[in-house]
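# Report on the structure
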Amino acid sequence: MSDLRPVLIAGQGLAGTAVAWRLWERQVPFLIVDPQAEQTSSKVAAGLVTPITGMRLNLSWRMPTLAPEAVRFYESIEGRLGRKFYHATPHVRLFKNDRELKIWETRATAPELQPWLDAAPPSPLVDEASFHGELGGFQQRDSGWLDTASYLEASRTFFAAEQRVQAGEVNDQDLAVTAEELTWQGVGFSHVVFCRGWQESGPSRFFPWLEFDAARGVIVTLRTDVVEHRILNRGAWMLRRRMAPGGRGPRTSLISTVPSRTRWLTCGASWKAC
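Attention in this report is confined to the structure presented alongside it. (Residues numbered from 1 in each chain as written. Predicted model: local features only at pLDDT ≥ 70, side-chain atom pairs only at ≥ 80, totals over all residues. Heavy atoms only, no water.)

## Here we look at the overall build of the protein
To keep it simple, the criterion reads: Every helix listed is a DSSP run of H or I at least four residues long, and every strand listed is a run of E at least two residues long, numbered separately from the N terminus. Type-normalised accessible area, obtained with a 1.4 Å probe on protein chains alone, sets the label of each residue: buried when under 20%, exposed when over 50%, and partly exposed for intermediate values. Working rule for contacts: check all heavy atoms of both residues, and any pair within 4.5 Å makes them a contact. The Shrake-Rupley method, run with a 1.4 Å probe, gives the accessible areas here. Residue values count only the displayed protein chains as cover.
The helix and strand inventory of the protein stands at 5 helices and 20 strands. Within the span of the protein, comprising 274 residues, buried residues form 40% of the whole. The long-range fraction of contacts in the protein, counting pairs at least 24 apart against all pairs at least 6 apart in sequence, stands at 70%. Here the protein displays about 15,700 Å² of accessible surface, and carbon together with sulfur accounts for 52% of that area.

## Section: the pattern of salt bridges
Pairing of side chains with opposite charge becomes possible as their charged atoms draw close. Convention followed: The term salt bridge refers to a side-chain nitrogen of Lys or Arg lying within 4 Å of a carboxyl oxygen of Asp or Glu.
Inspection of every chain in the model, using the stated rule, returns 12 salt bridges. Among the ionic pairs, R26 bridges to E25, the shortest N-O distance being 3.7 Å. For E25, a relative accessible area of 29% gives the class partly exposed. D172 is paired through a salt bridge with R196; the nearest N and O atoms lie 2.9 Å apart. Residue D172 is located in the loop between β10 (165-167) and β11 (175-177), and its partner R196 is located in the loop between β14 (191-194) and β15 (218-222); the two are separated by 24 residues in the primary sequence. Considered together, D172 and R196 belong to a single accessibility category, that of buried residues. Taken together, the shared-partner salt bridges connect R22, E25, R26, E69, R72 and R80 into one network.

## A word on the packing of aromatic side chains
Basically, it comes down to this: Only the six-membered ring of Trp is used, alongside the rings of Phe and Tyr, when aromatic pairs are assigned; centres must lie within 6.5 Å, and planes under 30 degrees apart are stacked while those over 60 apart are edge-to-face, with the rest tilted. For a lysine, the NZ atom is tested; for an arginine, the CZ atom; a charge sits over a ring if that atom is within 6 Å of the ring centre and within 35 degrees of the ring normal.
Throughout the structure, instances matching the rule amount to 16 aromatic pairs. Consider the rings of F30 and F159, whose centres lie 5.4 Å apart with planes at 85°: the pair is edge-to-face. Pair noted here: F30 is in strand β2 (residues 30-34) and F159 is in helix α5 (residues 148-161), with a separation of 129 residues, a long-range link. With respect to class, F30 is no different from F159; both count as buried. Taken together, the ring pairs connect W21, W24, F30, F158 and F159 into an aromatic cluster. Taking the ring centre of W61 as reference, the NZ or CZ of R62 above it sits at 5.3 Å.

## Re helix α1 (residues 14-25)
Let me state the cut-off plainly: Under the convention used throughout, the expected extent of a helix is 1.5 Å for every residue step, that is, one less than its residue count. Think of it as the arc spanned by the lines of direction from the helix axis to the C-beta atoms.
Between the first and last C-alpha of α1 there are 17 Å, a value that for 12 residues agrees with the 16 Å anticipated at 1.5 Å per step. For α1, the full list of buried residues reads G16, T17, A20, W21 and L23. Seen end-on, α1 carries its buried residues on one side only, within an arc spanning 165°. Among the structural elements, β1 (7-10), β2, α3 (63-81) and α5 are those in contact with the buried residues of α1. One or two steps after α1, the chain reaches Q27, where phi turns positive at roughly 60°.

## Some words on the environment of V218
Mapped onto the fold, V218 is located in strand β15. What makes V218 partly exposed here is its relative accessible area of 27%.

## Remarks on the sheet that holds β2
Each strand in a sheet pairs with its neighbour through backbone hydrogen bonds, running either in the same direction (parallel) or in the opposite one (antiparallel). Using the following cut-off: The pairing criterion for strands is at least two bridges between them, as found by DSSP. To get an axis, a line is fitted to the C-alpha atoms, and for a helix only the part in contact is used. The angle between two axes follows their N-to-C directions and goes from 0 to 180 degrees.
What the 4 strands build is an open sheet, ordered β10-β2-β1-β14; its pairing is parallel. Two strands lie at the open edges of the sheet, namely β10 and β14, each paired on one side alone. Strand-to-strand twist in this sheet, taken as the mean axis angle between neighbours without regard to direction, amounts to 20°. By the bridge criterion, 3 bridges tie β2 to β10 in an arrangement that is parallel. Following the sheet pairing, I32 is matched in β10 by V165.

Structure (structure tokens):
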């Protein structure tokens, strides 16, 4: 390792962990300071990689550049830790109303979307006894999901063994900043990288000009006999995940990111979003 002053990383969610891995690859010393809360936005995130998304069915920002880079990044971590975190999975978007169907009619032939569309999806697209598929939809390729909780835990364990992790919080008022150095709890650092997520939306000593509102979602875990291995979206995300060995209940579950007002109805052994 070099004898540079370490970089201080405030927070070990998805952003802080990515920063840590890139610094580790470049042999730049660092220290992660994280409260290590049991539940955080990153730990409960569905981890979806969705090429075509949003109400207007647009291609995600810089998808042709960022998607392959993300896959290479996570595969490199998998090889280093000997565990699987990123799962390439087809993604089905079902139209929930006539408005979405009409938008798709104008977007379906857009040149930038063609590389991300499955040219030969199954017919019917979904089992309509289990899902609302009467308006149709489309299937995306090069989509997938990241097992965020396992990825973060394994990364923390690795960095802890390297003595790069400390439990705690980096508060703005605890940082002493001069033109020559940055210190926290009496230790000198070259930089501080804030990866505190939604907490940055509050009063900030360093970023008073940064204004944003944190989006709120709900993660619902369901147990069902429906067999569907793809990611589904019809106003809510549905993702089948295998439960940990030895866990209670069935070996599979459905995790859905749903708006707070979305209701779920059970129809026999099937689930339908209303």
